[in-house]
Amino acid sequence: MLEQEKPKIEAERIAEQTGSGSEIGIGDLMNKRAKLEEAIDYVGLMIKSLKDKRTRLVKEIEDESVDIQNLKEKLVKVSEYIEEEGRGIRDLSNKRAQVESQADEVGALISNLRSKLASIDSVVEGEANKVKAIKESRPKS
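The rules behind these values
- Counting starts from 1 at the beginning of each chain's written sequence and moves along it residue by residue.
- Local features in this predicted model are restricted to residues of pLDDT 70 or higher, and side-chain atom pairs are both shown and tallied only at a pLDDT of 80 or more, whereas totals for entire chains, interfaces and linings draw on every residue.
- Hydrogen atoms and water are omitted, and side-chain values are computed over all heavy atoms in the structure.
- Helix and strand labels come from DSSP, where a helix needs a run of H or I of at least four residues and a strand needs a run of E of at least two; each type is numbered from the N terminus.
- Burial classification: accessible surface area is computed with a 1.4 Å probe over protein chains only, and a residue below 20% of its type maximum counts as buried, one above 50% as exposed, and the rest as partly exposed.
- Here the Shrake-Rupley method, with its probe set to 1.4 Å, supplies the accessible areas, and only the displayed protein chains count as covering residues.
- Each reported salt bridge corresponds to a side-chain nitrogen of Lys or Arg within 4 Å of a carboxyl oxygen of Asp or Glu.
- Two joining distances apply to patches: 9 Å for like charges and 5 Å for nonpolar side chains (Val, Leu, Ile, Met, Phe, Trp, Tyr), and every residue must have over 30% relative accessible area and no salt bridge.
- Positive charges come from Lys and Arg, negative ones from Asp and Glu, while His and the chain ends are left out of the count.
- The location of each charge is read from NZ of Lys, CZ of Arg, CG of Asp or CD of Glu.

K.L.:
Run through the overall build of the protein chain, naming residues and quoting values.
P.N.:
The helix and strand inventory of the protein chain stands at two helices and zero strands. Counting every position in the protein chain, which comprises 141 residues, the buried fraction comes to 6%. By element, 59% of the accessible surface of the protein chain is carried by carbon and sulfur atoms, the whole surface being about 12,800 Å².

Below is the structure:
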């Protein structure tokens, strides 16, 4: 702001010194020049302000880019973990199905053996009944 007022003050000082120059318009010309210098200074300050803003925006965008890249890497790791867990669950499901199949086979074997034992028990009971009948049919001594 101080730089903007400097040309204006200088122009006023020069205009006062050249009182005779005012008659031919030099004072007005000097005022115009001072105003133009003031405008140029103002535009320069605007340009500097815009450059500063752009620099801040570039830095903010770079920071956001880094943050987004970090998030992307984390999401890739999470995705890999989910895929790994999915494979693990499928493997466990397959193992459970195998164990269930084996359990069904064992159940079938047990049922088959039970049936055979029942058949043997039936034969043994039949034979025991025959022996009992023979014993009962003999005269008692």
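Still more to cover.
K.L.:
Account for the pattern of salt bridges, with residues named and values stated.
P.N.:
In total, this model carries five salt bridges according to the counting rule given. Measuring nitrogen to oxygen at the nearest pair gives 3.7 Å for the salt bridge that ties Glu127 to Lys130. Of this pair, Glu127 and Lys130 both sit in helix α2 (residues 26-137), three residues apart, which is roughly one turn of that helix. Classification of Glu127 by relative accessible area gives partly exposed; the value is 43%.

K.L.:
Which residues make up a negative patch on the surface, and what are the values?
P.N.:
On the surface, Glu80, Glu83, Glu84 and Glu85 cluster together to form a negatively charged patch. According to the relative accessible area criterion, Glu84 is partly exposed, its value standing at 48%.

K.L.:
Residue-level account of a nonpolar patch on the surface, with values.
P.N.:
A cluster of nonpolar residues, Tyr42, Val43, Met46 and Ile47, forms a patch on the protein surface that exposes about 370 Å² of accessible area. Its relative accessible area of 43% is what places Val43 among the partly exposed residues.

Honestly, it's all geometry; don't read function into it.
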